[in-house]
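So you can see what is in the structure, the chains are spelled out below.
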Amino acid sequence: MRLPQERPLGAAVIAVLIGLVGFFTLLGGLLLTAAGLFRISGNPFPSSSAFFSFLTSNEAILGLTTIVLGLTTLAIAVGLWRQHYWALVLTFVVGAVFVVGSGGGLVYGLVRSPSSASDAVVIGGFVEVVVVGAVLAYLASVRDDFI
């Protein structure tokens, strides 16, 4: 097993940004779960027989799913920061799925309505695809620094 060399600055910045996204995703999930807890028939203090019934509300289900997604994103950020190869591979997989999905949506939107090419949503989607593609290209160029 080879030890990682000095961490590339770009990879460190990407890891921090992904960590921030994971933190805010986790925070949003906690808030959604809390919203599900306090919306049980208008009573913020449910009876003991219905205590876990808040887990079946839409807010709580979405919140718990968002918490898992936030924790996963934080784990990937820590893995990128520590230069683990599994985090790099997982970032490539998620990034490729994002680029294919968003790129397909952009093409569909442009084919369906060619006049929407100057729409802010289309331009923003194009910028998203380009930025994620650039991040993946950069990570591919420094992949030898990951173990």
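Below is a summary of the structure that appears in this document.

**Points about the overall build of the protein chain**
- Regarding its fold elements, the protein chain presents 4 helices and 0 strands.
- For the protein chain, the α and β elements follow one another from N to C terminus as α-α-α-α.
- The burial tally for the protein chain puts 29% of its 147 residues in the buried class.
- Put simply, 73% of the contacts in the protein chain that link residues at least 6 apart link residues at least 24 apart.

**Concerning the packing of aromatic side chains**
- Considering all chains together, one arrives at 1 aromatic pair under this definition.
- With a centroid separation of 5.2 Å and 70° between ring planes, the pair formed by Phe23 and Phe24 is classed as edge-to-face.
- You can call Phe23 partly exposed: its relative accessible area is 44%.
- Judged by relative accessible area, which is 53%, Phe24 ranks as exposed.
- Note that Arg7 overlies the ring of Trp81, its terminal NZ or CZ placed 4.1 Å from the centroid.

**A look at the packing of helix 2 (residues 58-81) against helix 3 (residues 85-112)**
- Two elements in contact, helix 2 and helix 3, have axes whose closest approach is 7 Å; the angle formed by their N-to-C orientations is 125°. One element, helix 2, and the other, helix 3, form an angle in the oblique class. Every pair of crossing elements has a handedness; the one defined by helix 2 and helix 3 is left-handed. Together, Ala75, Ile76, Gly79 and Leu80 of helix 2 and Trp86, Ala87, Leu88, Leu90 and Thr91 of helix 3 make up the contact between the two elements.
- Its residues placed into classes, the contact of helix 2 with helix 3 shows 7 nonpolar, 2 polar and no charged.

**Some remarks on helix 1 (residues 9-37)**
- Its 29 residues give helix 1 an end-to-end C-alpha distance of 42 Å, which sits within 8% of 42 Å, the value for a rise of 1.5 Å per residue.
- Those residues of helix 1 not exposed but buried are Ala11, Ala12, Ile14, Ala15, Gly19, Gly22, Thr25, Leu26, Gly29, Thr33 and Gly36.
- In this structure, the buried residues of helix 1 make contact with helix 2 and helix 4 (120-141).

**Focus on helix 4**
- The terminal C-alpha atoms of helix 4 lie 31 Å apart, and with 22 residues this matches the ideal 32 Å at 1.5 Å per residue to within 8%.
- Buried residues of helix 4: Val122, Gly125, Val129, Leu136 and Leu139, and no others. Seen along its axis, helix 4 keeps its buried residues to an arc of 120°; they face one direction. Structural note: helix 4 exposes Ala120 and Ser141 on the side pointing more than 90 degrees away from its buried face.
- On its buried face, helix 4 sits against helix 1 and helix 3.

Parameters at a glance
Residues numbered from 1 in each chain as written. Predicted model: local features only at pLDDT ≥ 70, side-chain atom pairs only at ≥ 80, totals over all residues. Heavy atoms only, no water. Helix = DSSP H or I, 4+ residues; strand = E, 2+ residues; numbered from the N terminus. Buried < 20%, exposed > 50% of the residue type's maximum accessible area, 1.4 Å probe, protein only. Contact = heavy atoms within 4.5 Å. Phe/Tyr/Trp six-rings, centres within 6.5 Å; stacked < 30°, edge-to-face > 60°. Lys NZ or Arg CZ within 6 Å of the ring centre and 35° of its normal. Axes fitted to C-alpha atoms, helices over the stretch in contact; angles between N-to-C directions. Parallel < 35°, antiparallel > 145°, perpendicular 65-115°, else oblique. Left-handed = near helix turned anticlockwise from the far one by under 90°. Nonpolar A, V, L, I, M, F, W, Y, C, P; charged D, E, K, R; others polar. Expected span 1.5 Å × (residues − 1). Arc of directions from axis to C-beta.

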